[in-house]
Amino acid sequence: MQRIRFVSLLAGGMLALGGCGSLGGLGGSGSQPLASLAPLSTDHPLFKQGLSRDNLPLVARYYWVNEVGDDRHAEAAYGGLKYKPRQSKYLGYEGWDVLEVQLWPDEVRSDLVRIHLNREARVTVVWEDSALWLAGWGKGSLSTSSKTYTTFTKDFGAGEIALGSPAAGSKGKDSPRYFVLIGERGGVGSKPPALPAGIAETDRPQPNSTCPDWLENAWTVKQVYGVTAPDGQDYKTWHPQIDPIYWCYYGHEHGSDPALVGYKPAFEYVAKRFNDQPELHVGFKGFAIRDEGANQGWYINIHSETGVQSRACAQFHTVVIAVTNLKTGELLAELAYKGDFGATISNRDNNPPVNLTCTSVKTGQPVTQAQLQAQTDSSKNLRVSSNGQDPGGYENWHGGGNKALGMSFWGDKNPTGRALNIDIRNPATFCADTTCNLVKSTGSVADERTVFISNLRIRYTDAIAALDKADGQQDGYFWTDLYGEALPAGKNPGDSGTIRQYLKPGFDSGVNGEGLQGGFSTEDAWRGVYLRGVGVPHVGLEGGLTGQN
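No experiment lies behind these values; they were computed from the predicted model shown.

Cut-offs applied
Per chain, the residues get numbers from 1 upward, laid out in the order the sequence is written. Totals for whole chains, interfaces and linings use all residues, but because this is a predicted model, local features are given only for residues with pLDDT of at least 70 and pairs of side-chain atoms are given and counted only at 80 or more. For the side-chain quantities, the full set of heavy atoms in the structure was used; hydrogens and water were omitted. Buried residues are those whose accessible area, probed at 1.4 Å on protein chains only, stays under 20% of the maximum for their type, while exposed residues exceed 50% and partly exposed ones sit between those limits. Helix numbers and strand numbers start at the N terminus; a helix is a DSSP run of H or I with at least 4 residues, a strand a run of E with at least 2. Paired strands are those between which DSSP finds at least two bridges. The predictor attaches a confidence to each residue, called pLDDT, with possible values from 0 through 100. Residue contacts are defined here by distance: any two heavy atoms, one from each residue, within 4.5 Å place the two residues in contact. Any Phe, Tyr or Trp ring, taking Trp's six-membered ring, that has another such ring centre within 6.5 Å forms a pair; planes under 30 degrees apart are called stacked, those over 60 apart edge-to-face, and the others tilted. We count a charge as sitting over a ring when the NZ of a lysine or the CZ of an arginine lies within 6 Å of the ring centre and within 35 degrees of the ring normal. A side-chain nitrogen of Lys or Arg and a carboxyl oxygen of Asp or Glu constitute a salt bridge if their distance falls within 4 Å.

## Side note on the pairing of strand S6 (residues 121-127)
Here's step 1: Most of S6 sits inside the fold, with six of its seven residues counted as buried.
Here's step 2: Summarising the sheet, S6 and strand S10 (residues 179-184) pair through six bridges and their orientation is antiparallel. Bridge assignment links Thr124 to a residue of S10, and that residue is Leu181.

## Some details on the confidence of the model for the chain
Close reading of the predicted structure is inappropriate where its pLDDT is low.
Here's step 1: Considering every residue of the chain, the mean pLDDT works out to 92; 93% of them sit at 70 or more.
Here's step 2: Here residues 4-28 scores under 50 on pLDDT; set against residues more than four positions off or in separate chains, the count is 80 contacts.

## A closer look at the packing of aromatic side chains
Here's step 1: The final tally for this structure, using the stated rule, is 20 aromatic pairs.
Here's step 2: Aromatic side chains Trp133 and Tyr178 sit 5.6 Å apart centroid to centroid with 55° between the ring planes, which places their arrangement in the tilted category. You can see Trp133 sitting in the loop between S6 and strand S7 (138-143) and its partner Tyr178 sitting in the loop between strand S9 (159-163) and S10, a full 45 residues away along the chain.
Here's step 3: Assessed through its relative accessible area of 14%, Trp133 is described here as buried.
Here's step 4: Of the aromatic side chains, those joined through ring pairs into one cluster are Trp127, Trp133, Trp137, Phe156 and Tyr178.
Here's step 5: Sitting above the plane of the Phe274 ring, Lys338 keeps its charged end 5.4 Å from the centroid.
Here's step 6: Across from the ring centre of Tyr483, 4.3 Å away, lies the NZ or CZ of Lys362, which sits over that ring.

## Let's talk about the pattern of salt bridges
Here's step 1: Throughout the structure, instances matching the rule amount to 21 salt bridges.
Here's step 2: A salt bridge links Glu120 to Arg185; its shortest N-O distance comes to 3.1 Å. Separated by 65 residues along the polypeptide, Glu120 in the loop between strand S5 (113-117) and S6 and Arg185 in the loop between S10 and helix H2 (213-216) bring together distant segments of the chain.
Here's step 3: The partly exposed category is assigned to Glu120, whose relative accessible area is 40%.
Here's step 4: Using a relative accessible area of 63% as the deciding quantity, one classes Arg185 as exposed.
Here's step 5: Arg457 is paired through a salt bridge with Asp508; the nearest N and O atoms lie 2.7 Å apart. Within this pair, whereas Arg457 is found in strand S24 (residues 449-458), its partner Asp508 is found in the loop between strand S26 (498-503) and strand S27 (516-521), the two being separated by 51 residues in sequence.

And the structure:
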């Protein structure tokens, strides 16, 4: 029997977590968010530098409801929507926000488009048509040099509001599209957000443009969480793909917000301990899973960037697994190491290895992918072309387990094995030929991921206890090499090439002997909570992700 079950994200369990934010009010329409979306975060590092929630734009998030499958179940979708703060130039609406709605759905819903407002706002739908879902809205007009539109205006409180489908218009699915103007309470445009001390106006982030480096550099474990990594240093951490204050694009995303389970990751810590190994910041992809039945929050981060050729030669990739107590926030496990993801092989035709020779980071000797395939059952299954054209298919990563760190899992033929498995439906690049010495762009941004977990159980074993007691204390902290193995002779805790681990004494993540298992995906572009039984839509927003995602 599978041990995991979930409480709805609208139930009290998740809302009670202060770090997870709050849904606030339901807005003037009383719209309930889809259960596949996590409550919105209320945090930003600049709130510690003099800014406040008053600097947030009117819109916190948006999505539309896509009906999919034979049962026509609701799934969050994002394509066709774009929010442009303070960019209206329409007469009488100067400086208002604009929400572009380029959707062509068949569904005739009164709640198709969902908008979460940070505060009270005046909302105007601008359309060359009308529909019953606009009954009770104030009616007016807006003229441009070429057209006259009908306007429908209504005031809303903070929270989620719902707008109907364009297909509810007089011509059905052939009805014209509408767009939305959003102003402050009373019908005025918003003021631009403040800048933190020391940032010049010339360095102001512009909405719907690339965020400046100074802003991304604000998202560190010290500035966001007020802590440092185990070595006392400050490192970059998770941030959303669109900045919540300035609405600029970071160009990449890091999967789940670790605050969903109360964890505070330092992304480059493992690579720093690995002789300053260069790991692209964009490659850190997290999966947050709330196991409500076991009262455990899981955060799994795997460095799995798909936009570079170097992944083909990299057998070992950074893995971080943290487990927390969902009710108290207590850290129960924090394991960080270089996980084995084996040989690079084709994702089709019996999975032959690519004809690529690399240098082993462990031995310093040349090693072929065929040799690696014979040594480990872990693998990276890439798109490999035979004619220079994209052959399609998923990119699959299998591996990442580590029995030396108290883990057990299915498929553990070797000490490291297929505990963690990622399906990336739309990788950013493919191997141009069977050597994989060159990769070509697929035109995608790797924003559709599913993680399959193979009955992963973590225990404070006798072997872990022996490592823990090595310093004369049994406090759960112990040191290993970068592969999670016991320190070799001559290596001391804190030396280069060593890393601190934590397992709470006595901890066992198993429930009735079962570990965490199953496939988990996300429909949540804003915070990335991973759930069972949800869709795998594109979660890229507004075309802001690049091929380096």
